[in-house]
Amino acid sequence: MNKTKTAIVFGATSGIGKKLTELLVKDNFIVAITGRRLAKLKELKAQYPNQIIIKKNDIQQVGEVEIVFNEIVRELGEVHLVIHSSGVGEVNTELEWDIENKTIQTNVVGATKVYDLAYNLFEKQQFGHLVGISSIASLRGNREAPSYFASKAYQKSYLESLYIKTKTIKSKKVYVTDIRPGFIDTAMALGDGVFWMVTLEKATKQIYSAINKKKRAAYISKRWRFIAWVLKIVPAQLLKIAT
Ligand SMILES: NC(=O)c1ccc[n+]([C@@H]2O[C@H](COP(=O)([O-])OP(=O)(O)OC[C@H]3O[C@@H](n4cnc5c(N)ncnc54)[C@H](OP(=O)(O)O)[C@@H]3O)[C@@H](O)[C@H]2O)c1
């Protein structure tokens, strides 16, 4: 008999997290979903009452994140997959502190808490898969949204560190995947220079495939691999002139 597969999705009230939740449900997972907008969580629960557990959660409140995470683990028993999709990003040309601070609290402090809770649980279980959604923005700096780009660089580096750390896990059954989207058609797609935007449908199909293949990192859509290659070698002086 097949064991029930279980997942937690942080940031499932909209966009990528919501769509991935729907794919997981179709794939017979039991999914615990979180986010601040309770009404959105309830909507998803109403659609799939037998496969969804909801927990309202503000990722900036790290003490609360730990309580919610532990409650979910108690309810699910074992957790096979944790997807961290919660995030904020705003253009902030004036470097307003409220925006910088919110970005850091959400994308850096909150994300680290989720990554660590998931990693430690998986180490204890000796199995599990952590998926973070960083960004193509993780590769270089940007004048329009410095804290967003820096927070994504942090996520990329932290996820790589956890990937390297899995070497210390005896079973070799703990996986870490870093998803690096370009532009996906959600509320988040940043700024004026948006290009190669893909539909949420197409993007989440590619993300889900990368998760199933347990890839270490994946660019979404796939052609952003070429932009990534260029970004990694281009000098900062050229970025200053050309972007
Ligand atoms: N769309 C793109 O083009 C793109 C490109 C690269 C990377 N990404 C990354 O993909 C991830 C998902 O973004 P998206 O495009 O799906 O945008 P989205 O539709 O705005 O989704 C963001 C999610 O994050 C949650 N969230 C934000 N602040 C939170 C907080 N304080 N506590 C708990 N949850 C919080 C939101 O839930 P509540 O508001 O209900 O709390 C929502 O579920 C983000 O990390 C983003 O940086 C997106």
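Located above this text is the structure these notes cover.
First things first, this report covers the structure right here in the doc.

Cut-off values and rules
- Residues numbered from 1 in each chain as written.
- Predicted model: local features only at pLDDT ≥ 70, side-chain atom pairs only at ≥ 80, totals over all residues.
- Helix = DSSP H or I, 4+ residues; strand = E, 2+ residues; numbered from the N terminus.
- Rg over C-alpha atoms; globule rule 2.2 N^0.38 Å.
- Buried ≥ 20, exposed ≤ 12 C-beta atoms within 10 Å, placed from the backbone.
- Contact = placed C-beta atoms within 7 Å.
- Axes fitted to C-alpha atoms, helices over the stretch in contact; angles between N-to-C directions.
- Parallel < 35°, antiparallel > 145°, perpendicular 65-115°, else oblique.
- Nonpolar A, V, L, I, M, F, W, Y, C, P; charged D, E, K, R; others polar.
- Pairing = 2+ DSSP bridges.

It is worth spelling out the overall build of the protein chain at this point. When helices and strands are counted, the protein chain shows eight helices and seven strands. Relative to the 2.2 N^0.38 estimate, which gives 18 Å for 243 residues, the radius of gyration of the protein chain is 17 Å and therefore close to what a compact globule would have. By the burial criterion, 39% of the 243 residues in the protein chain qualify as buried. In the protein chain, 62% of the contacts between residues at least 6 apart in sequence involve partners at least 24 apart.

Here we come to the packing of helix α4 (residues 97-125) against helix α5 (residues 146-165). The contact between α4 and α5 brings their axes to 9 Å, and the two run at 10°. In terms of orientation, α4 lies roughly parallel with respect to α5. On the side of α4, the interface is formed by Glu100, Thr103, Ile104, Asn107, Val108, Ala111, Thr112, Tyr115 and Tyr119, while α5 contributes Ser147, Tyr148, Ser151, Tyr154, Gln155, Tyr158 and Leu162. Grouping the amino acids of the contact of α4 with α5 by side-chain chemistry returns nine nonpolar, six polar and one charged.

The sheet built from seven strands is open, its strands ordered β3-β2-β1-β4-β5-β6-β7 with parallel pairing. A single partner strand is all that each edge strand has here, and the edge strands are β3 (52-56) and β7 (217-220). The average angle at which neighbouring strand axes cross in this sheet is 15°, direction not considered. Summarising the sheet, strand β4 (residues 81-84) and strand β5 (residues 128-133) pair through four bridges and their orientation is parallel. The partner of Leu81 across the bridge, within β5, is His129. Along the sheet face, helix α1 (residues 15-26) touches β1 (5-10), β2 (29-35), β4 and β5 and points at about 165° away from the line of β2. Contacts from helix α6 (residues 200-212) reach β5, β6 (174-181) and β7 within the one sheet, and its direction differs from that of β6 by about 155°.

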